Amino acid sequence: MKTPPYLKKGSKIALVAPARKISREEIACAVAWIEKKDFVPVYDDRLFAEYHQLAGDDDFRASVLQQYLDRDDIDAILCVRGGYGTIRIIDKLDFTGFGKHPKWIVGYSDVTVLHAKMQQLGYQSIHGTMAINFEKNTKEALETLYEALTNPSFRPKSRNLLQLNEISPFRSAPVEMTGEIVGGNLSVLYSLLGSDLFPETDGKVLFIEDLDEYLYHIDRMMTALKRAGKLARLKALMVGAFSDMHDNTIPFGMTAKEIIFEKVKDYGYPVIWDYPAGHIDDNRAIVLG
């Protein structure tokens, strides 16, 4: 995978809303952080456009993002929030200019669509926190974002890194390995199944996380990935936060962790549980690709 240029003092970070709308107040902490790190935040009034729940209609959001993708003076694009909407504009975007002036794409959740596009094009990107979250993010979440943007030696680290499932019949055991990480939000990955944007998973470390889903939805999505052959030949599975899960009146009978393990237990590769990334305040950066 190709690596976009790392940021340095004076680098410009564009703030972009590819999905849901946002307010000035909601980006204030992110703007202050960018300036404190000696970077330059770049945005204008278009960032605050509104079209129902979206930050402008599809053509509008695509045109704004397109301009920042094309600009040769922009070093990173920080998506301000997720929600839903990026998949509606991905086919309207032309990445020719990006290829001439590659830059870091930063975000998570709905931004998984852009990460998948980066992997298709052969570029690394950063699964990390977004502008709306900066006020509540942990110190580690923001520190790892800075490291991912500036430090070629940055790698994910966790006390839970590379352990076999503690709820499995196997004994937990630390494992040391290297691998190329792909993936992102499970619901968004599920929406990409069967398209050219679903990332290649064979021999890769697949990262997944999700929020606010019913347990049977998790089972449906993991079963779909398994039936499509996306789980069989992983180097490892990296499981982030599965936050605010829901159940029916008649319980599904398994936790999200148990559902995931059921789908991969026969493959024999390591599973990384509870990695601090996803819809949590301690959303630490991961360089995808």
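Quick note: structure is the one above.
So, a few notes on the structure that sits alongside this text. (Residues numbered from 1 in each chain as written. Predicted model: local features only at pLDDT ≥ 70, side-chain atom pairs only at ≥ 80, totals over all residues. Heavy atoms only, no water.)

Taken together, the 4 strands give an open sheet; going across it, the order is 6-7-8-9, and neighbouring strands pair in parallel fashion. Here the strands that pair on one side only, and so sit at the sheet edges, are strand 6 (181–185) and strand 9 (271–272). Examined bridge by bridge, strand 6 and strand 7 (residues 205–211) share 5 bridges and lie parallel to one another. Looking across to strand 7, one finds that asparagine 185 is bridged to glutamate 209. On the sheet, helix 9 (residues 256–264) packs against strand 7, strand 8 (236–243) and strand 9 and is oriented at approximately 160° with respect to strand 8. (Pairing = 2+ DSSP bridges. Helix = DSSP H or I, 4+ residues; strand = E, 2+ residues; numbered from the N terminus. Contact = heavy atoms within 4.5 Å. Axes fitted to C-alpha atoms, helices over the stretch in contact; angles between N-to-C directions.)

Another point: helix 9. The buried count for helix 9 comes to 7 of 9 residues, which makes it a mostly enclosed element. Considered for burial, the residues of helix 9 that qualify are Ala256, Lys257, Ile259, Ile260, Phe261, Lys263 and Val264. Here the buried face of helix 9 lies against strand 7, helix 8 (215–227), strand 8 and strand 9. (Buried < 20%, exposed > 50% of the residue type's maximum accessible area, 1.4 Å probe, protein only.)

This part is about the layout of surface pockets. Within this model, the largest pocket holds a volume of roughly 530 Å³. Along the wall of the largest pocket there are 22 residues; nearest its centre are Arg155, Pro156, Thr178, Gly179 and Ile181. (1 Å grid on protein atoms, 1.4 Å probe; cavity = no way out; pocket = protein on both sides within 12 Å on 5 of 7 lines; lining within 4 Å. Points joined across faces, edges and corners; volume = space filled by probe spheres on them.)

Take the nonpolar core next. Within the largest apolar cluster, 52 residues are counted, with the highest numbers of intra-cluster contacts made by Ile77, Leu206, Ile208, Leu237 and Ile260. Leucine 237 has contacts with Leu206, Ile208, Ile260, Val264, Tyr269, Pro270, Val271 and Ile272, leaving out every residue within four places of it along the chain. Judged by nonpolar contacts, the second largest core, of 29 residues, contains Leu7, Ile13, Trp104 and Leu142. (Core = buried A, V, L, I, M, F, W, Y, C linked by side-chain atoms within 4.5 Å.)

This part is about the side chain of asparagine 283. Position of asparagine 283 relative to the elements: it lies in the loop between strand 9 and strand 10 (286–288). The exposure class of asparagine 283 is buried, given its relative accessible area of 1%.

For the coordinates displayed, the defined rule picks out 15 salt bridges. For the salt bridge of aspartate 45 with arginine 24, the shortest nitrogen-to-oxygen distance reads 2.4 Å. Taken together, the residues span a long stretch of sequence, with aspartate 45 in the loop between strand 2 (40–42) and helix 2 (58–70) and arginine 24 in helix 1 (residues 24–36) at a distance of 21 residues. The class of arginine 24 is partly exposed, set by a relative accessible area of 44%. With a closest N to O distance of 3.1 Å, arginine 233 and aspartate 202 form a salt bridge. With arginine 233 in the loop between helix 8 and strand 8 and aspartate 202 in the loop between helix 7 (186–192) and strand 7, the pair connects residues that are 31 residues apart, well separated along the chain. Via salt bridges that share partners, Lys12, Arg71 and Asp73 belong to a single interconnected network. (Salt bridge = Lys/Arg side-chain N within 4 Å of Asp/Glu carboxyl O.)

Neither face of strand 4 (residues 104–107) is left uncovered, since the one carrying Trp104 and Val106 and the one carrying Ile105 and Gly107 both have all their residues buried. Relative to strand 4, strand 3 (residues 76–79) runs parallel, the two sharing 3 bridges. Bridge pairing in strand 4 links leucine 78 to valine 106. In this sheet, strand 5 (residues 125–127) lies alongside strand 4 in parallel orientation, the contact comprising 2 bridges. Looking at strand 5, one finds that valine 106 is bridged to isoleucine 126. For the crossover from strand 4 across helix 5 (residues 112–121) to strand 5, the handedness is right-handed. (Right-handed = clockwise from strand over helix to strand, strands pointing away.)

The subject of this paragraph is the sheet that holds strand 5. Taking strand neighbours across the sheet as the criterion, the 6 strands line up as 2-1-3-4-5-10 in an open arrangement whose pairing is mixed. Strands with a single pairing partner mark the edges of an open sheet, and in this sheet they are strand 2 and strand 10. Ignoring which end each strand starts from, the neighbouring axes of this sheet average 25° apart. Contacting strand 3, strand 4, strand 5 and strand 10, helix 6 (residues 139–150) runs over the sheet at an angle of about 165° to strand 4.

These figures come from the coordinates and say nothing about function on their own.
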